[in-house]
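Descriptive analysis of the structure
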Amino acid sequence: MKRVLSRIVIASGLVAACSTFSLAHAADTAAKPDAAKGEQLYLNGELSRGVLACVTCHGAAGNSVIEMYPSIAAQPFEYVVKQLHDFRPGAENTPPLRRAANGNPAVMTSIVTGMTEQEMRDVAFYVSQQKVDWELAARATNEETFERGQQIWRGGLPDRNVAACAACHSPNGAGLPGKYPRLAGQHVPYLLEQLKLFRSGDRNNEAAMHELADRMNDADLSAVADYAAGLR
């Protein structure tokens, strides 16, 4: 009996080890992102599949000059890939985790639906390698809300259990590679819209952000969005 149990344990261990090896091997052999191909798609799109050229909205090398569209230059590769996935409908056509106001489809949803997994990785890798053009980057413009925005960014709102933005997005707004995006130099209207979407639940891909935004009023959101834009 002991020998039988011993053989079962050994066999189970071998199966687990083989499974782990297979997963690791699959990850290693997955096609690496190609910046050159990503650039081509970024500049030209693929209209036959409804993929609009990214440059149309996000600007040259990811430096957007349109206030409602984010600057994506130098954003973390992993973060961009995740956001592209989150614009897609889920299993059994469940709503995407990222939607526009009132649950309406986001502009990006129709675009990423026509993209392959590899294309998303290629584009994400391309923009992650681009440099921020600080001459084109947004700046803080509201002096009246500067102190309030700085307070929220650096120290949060302890009385409402709102953590400091700097804890995740870094003191200078550069973000955390692979996890949290750069907010420094981001357009204020875009930042404010995203904070409100987090609060409403229409953007439902980061539970912590929903909880934080839900504890902040409109004045708080406006102040911290403007402050973040001015960080360097």
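In this report, we go over the structure that sits alongside the text.

Bringing the overall build of the chain into the picture now. Helix and strand content of the chain: 11 helices and zero strands. When the elements of the chain are put in sequence order from the N terminus, they spell out α-α-α-α-α-α-α-α-α-α-α. Split into buried and exposed, the 232 residues of the chain put 39% on the buried side. Contacts spanning at least 24 positions in sequence make up 67% of the contacts within the chain whose residues lie at least 6 apart. Just so you have it, the chain exposes about 13,100 Å², and 59% of that area is on carbon and sulfur atoms.

What follows deals with a nonpolar patch on the surface. A grouping of V65, I66, M68 and L136 is seen on the molecular surface, where their side chains present a nonpolar patch of about 340 Å² in accessible area. One can find I66 in the loop between α3 (55-58) and α4 (77-86). When its relative accessible area of 35% is taken as the criterion, I66 is described as partly exposed.

Let us look at the packing of helix α2 (residues 35-44) against helix α6 (residues 117-128). Any two packed helices are characterised by how steeply their axes cross, that is the angle between the axes, and by the distance between the axes. α6 packs onto α2 with a crossing angle of 95° between their chain directions and a minimal axis gap of 7 Å. By the angle between their directions, the pair α2 and α6 is classed as roughly perpendicular. Contacts between α2 and α6 involve A35, K37, G38, E39, L41 and Y42 from the first element and E119, D122, V123, F125, Y126 and V127 from the second. Among the residues making up the contact of α2 with α6, the classes are represented as seven nonpolar, one polar and four charged.

To continue, consider the pattern of salt bridges. Applying the stated rule across the entire model yields six salt bridges. The salt bridge involving E119 is made with R49; its shortest N-O contact spans 2.7 Å. One end of the pair, E119, is in helix α6; the other, R49, is in the loop between α2 and α3, with 70 residues separating them in the sequence. A residue is classified by how much of its surface remains accessible, and E119, at 15% relative accessible area, is buried. Notably, a salt bridge pairs D220 with R160, separated by 2.7 Å at the nearest N-O pair. Of this pair, D220 sits in helix α11 (residues 218-229) while R160 is found in the loop between α7 (146-155) and α8 (166-169), placing the two residues 60 residues apart along the sequence. A single salt-bridge network, built from bridges that share partners, covers R148, R160 and D220.

Now for the packing of aromatic side chains. Scanning the model with the defined rule gives four aromatic pairs in all. When the centroid spacing of 6.1 Å and the interplanar angle of 85° are considered together, the rings of F77 and F125 count as edge-to-face. With a gap of 48 residues between them, F77 in helix α4 and F125 in helix α6 connect regions that are remote in the sequence. Its relative accessible area of 26% is what places F125 among the partly exposed residues. Members of the aromatic cluster, each reached through a chain of ring pairs, are F146, W153 and Y227.

Definitions and cut-offs
Counting from 1, residues in each chain are numbered in the order their sequence is written. Per-residue local features of the predicted model are confined to residues with pLDDT of at least 70, and side-chain atom pairs are confined, for both listing and counting, to 80 or more; whole-chain, interface and lining totals are unaffected and use all residues. To obtain the side-chain values, all non-hydrogen atoms of the structure were used and water was disregarded. A run of H or I in DSSP becomes a helix once it reaches four residues, and a run of E becomes a strand once it reaches two; helices and strands are each numbered from the N terminus. Think of it in three bands: with a 1.4 Å probe and only protein chains considered, a residue is buried below 20% of the maximum accessible area for its type, exposed above 50%, and partly exposed in between. Any two residues whose heavy atoms approach within 4.5 Å at even a single point are treated as in contact. Throughout, the Shrake-Rupley method with a 1.4 Å probe supplies accessible areas, and for residues the shown protein chains are the sole cover considered. Patch membership requires more than 30% relative accessible area and the absence of a salt bridge. Residues of like charge join within 9 Å; the nonpolar side chains Val, Leu, Ile, Met, Phe, Trp and Tyr join within 5 Å. The working definition used for a salt bridge is a side-chain nitrogen of Lys or Arg within 4 Å of a carboxyl oxygen of Asp or Glu. In this description, a line fitted to the C-alpha atoms serves as the axis of each element, helices being fitted only across the stretch in contact, and the angle between N-to-C directions of two axes falls anywhere from 0 to 180 degrees. Here roughly perpendicular refers to angles of 65 to 115 degrees, roughly parallel to angles under 35, roughly antiparallel to angles over 145, and oblique to all remaining angles. Here the nonpolar group is Ala, Val, Leu, Ile, Met, Phe, Trp, Tyr, Cys and Pro; Asp, Glu, Lys and Arg are the charged ones; every other residue, Gly included, is treated as polar. Think of it this way: a Phe, Tyr or Trp ring, Trp meaning its six-membered ring, pairs with another when their centres are within 6.5 Å, and the plane angle makes it stacked under 30 degrees, edge-to-face over 60, tilted otherwise.

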